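Residue-level listing of the chains:
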Amino acid sequence: MHMQFLLPIGLLALLALPVIVLLHIIRERRRRQVVPSLLHWRDLPRPQGGQRLSQLPISPLLLLQLLAALLLALALARPQLLAAPLGQATQLVLVIDTSTSMAARDGSSTRFDQAVGRARALLGTLPPGGSATLIAAGSVPQVVAQGDRAAAEAALGQLRPGGTVQDMGPALALADAAVDAQHTARIVVLTDGGGPRPDAYVAAAPIDWQQIGGAAANRAIIAFAARAAGGKTQVYARVANYGDSSFDGMLRLFSGDEALDARPVQIAANAEAEQTWTLPAGGDALRLELDGGDALPDDDTAVLSLAPERPIRVLLVAEDAEPLQRALKAVPGAQVSYVPPSQYAAQQDVDVTVFDTFLPNEWPAGAALAIYPPTSALLPGIAAQPVDISGETLETGGSLLGGLGLGGVNFGLVRGVEPYSGTATLLRAGETPLIQRGQVDGRSLAIWSFDIHQGNIATRLAFPLLVSRTLRDLAPTAPPASLVAGATMVLRPDPRTTTVELVAPNGQVQRMPGGASVTLGPLAQAGWYDLIERGPSGERYRGKIAVNAGAAAESSLRQQPAPTLSAAAAAQGGLLRRTTDLWPGLALLAAAILIFEWLYIHRPLAAR
């Protein structure tokens, strides 16, 4: 047990002690005394120079004032009493790096296997009744176990490496939050040291940063993309060499199991090389392989989806269908059908229903676009008469209208529509909403409150772009061409979907309930995921999600020095110490002495 000062500069207040003594000496030199005569004082020897200063007048007042000043000076320095370490840690917070680079082989095992082994050994040091917390530091850090040793060991067996870790800071913040003040805590980080470092991090408990594995050369496919151009498919790839010597290897391109091309590739040390192909249109998927022969084979293969856009089944309900029908059919993947309002039936198997100057008695099962809607119980608050917006300034919000040139557009007749709860106003003229987007009565809905037949918007270039963007925003989403390992995907499923099923490359199945949006991921495994949407009548949609491990942040297996990490002042020697603040007691004692001094000075004359 020992004491420390949190604010040592406060000890400068001790300079008040000699000042108090000096003031008492000066006071004693000029003390007045009434005597009847000075006759006998003339024969007394005079004191030599400085003799009076050498005589310190000891009095109760001086002692009390010195003691009060001493206590106040110590209180200003914020003394704190530290108990000896409480012994063995009773809480272990394990942070395990689960990024893609941890799958690299190091000797006879992978870095991740070595981290799991160390974690099990650390859990074995917990005393009976000890607490364990396990945090997976992946692309999205999360607490995977919290409780006793058995729970943490069981969760360890379920962890798999995969994903890109941009920063270990969030994982350390989770570890801090998991520290229980009732325990003697210790935080241990098991990582290969790749990626950005959380420098100068101060934790609530001592941190033991343990780096796994050593530096290793690696080659990786870090970019793989394609686009349609002139009836062909242009393919692009970028390959990196994270090594100190040049690399000569082969790149092989496949469509399914069919080999399309094989070419040599030469990459200088610590450099990148780009490759391109021009292929005939067609095919659903591509696969690119590099014979890297390195410690991390996961990033030597990349996959890419060439599947066309997800079909959008659109029903147009309008009297004058021509301008909308033309714009809708120009949307890639749109399958457009048309009925006049008199023939509309609510229960039709479509993704988006477009109502032009008409509203049914009930919303359809899918999403809807309501254009210049009439007064209806479905949308209460619509004015019966149009409003004049001439001279009003247009204001846009959200990304849906970004880049659209709406200058000079005459919106014609406009309904006075109140902003609905659950919707966002994307375009307004003064205080009048022109375009709203959101959820109304649990339905995905867009509202255009202007008449496209009365103004000139249907003749402007912005009109087909606005129709296409609105349709894509309302329709179920399709998987992207590829994702990097560890990414998440927000899916807008078919509105009739009751269950979303995701099958990982290793065959693991995850099922989630349907809804307006479903978050998939993090998708940590590299390869192909199967995405299935199921409804009451069976399968609604099936697609594939391509996930690749290659990324500059993970494919470079060079290690960085351990970051500068420290624990709060209460944690030393690897274990937490219990602390006791002494300054409140010292301040109270000084106050009590000063009160006693005042009472002593003002005591009655009879008591002096």
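Data block above holds the structure.
Bear in mind the structure is a predicted one, so any value in this text is a computation, not a measurement. (Residues numbered from 1 in each chain as written. Predicted model: local features only at pLDDT ≥ 70, side-chain atom pairs only at ≥ 80, totals over all residues. Heavy atoms only, no water.)

### Focus on helix α3 (residues 111–123)
Because each turn of an α-helix spans 3.6 residues, side chains separated by three or four positions in sequence point in the same direction.
And then number 1: Between its first and last C-alpha, α3 extends 18 Å over 13 residues, near the 18 Å set by a 1.5 Å rise per residue.
And then number 2: Buried residues of α3: Arg111, Phe112, Ala115, Val116, Ala119, Leu122 and Leu123, and no others. An end-on view of α3 places all buried positions within 135° of arc, on one side of the element. (Helix = DSSP H or I, 4+ residues; strand = E, 2+ residues; numbered from the N terminus. Expected span 1.5 Å × (residues − 1). Buried < 20%, exposed > 50% of the residue type's maximum accessible area, 1.4 Å probe, protein only. Arc of directions from axis to C-beta.)

### Overview of the sheet that holds strand β31 (residues 509–513)
For sheets, the rule is that strands pair by backbone hydrogen bonds, running either parallel or antiparallel.
And then number 1: The strand order across the open sheet formed by five strands is β28-β34-β33-β30-β31, and the pairing between neighbours is mixed. Each edge of the open sheet is held by one strand with a lone partner, namely β28 (483–484) and β31.
And then number 2: Pairing between strand β30 (residues 499–503) and strand β33 (residues 527–535): five bridges, direction antiparallel. Following the sheet pairing, Glu501 is matched in β33 by Ile532. (Pairing = 2+ DSSP bridges.)

### Overview of the pattern of salt bridges
And then number 1: In this structure the tally under the stated criterion is 23 salt bridges.
And then number 2: Between Arg186 and Asp208 there is a salt bridge; the shortest N-O distance is 3.0 Å. Taken as a pair, Arg186 in strand β8 (residues 185–191) and Asp208 in strand β10 (residues 207–211) lie far apart in primary sequence, 22 residues in all.
And then number 3: Of the residues examined, Arg186 reaches a relative accessible area of 26% and is grouped as partly exposed. (Salt bridge = Lys/Arg side-chain N within 4 Å of Asp/Glu carboxyl O.)

### Let's talk about the sheet that holds strand β3 (residues 91–97)
And then number 1: Strand order in the open sheet formed by five strands is β7-β6-β3-β8-β10, and the pairing between neighbours is mixed. Two strands lie at the open edges of the sheet, namely β7 (142–147) and β10, each paired on one side alone. Strand after strand, the sheet turns through a mean of 15° between neighbouring axes, direction not considered.
And then number 2: Pairing between β3 and strand β6 (residues 131–137): seven bridges, direction parallel. Paired with Ile96 across the strands is Ala136, a residue of β6.
And then number 3: On top of the sheet, α3 reaches β3, β6, β8 and β10; it is set at about 180° to β3, its chief contact.
And then number 4: Contacting β3, β6, β7, β8 and β10, helix α5 (residues 169–178) crosses the sheet at an angle of about 165° to β6. (Axes fitted to C-alpha atoms, helices over the stretch in contact; angles between N-to-C directions. Contact = heavy atoms within 4.5 Å.)

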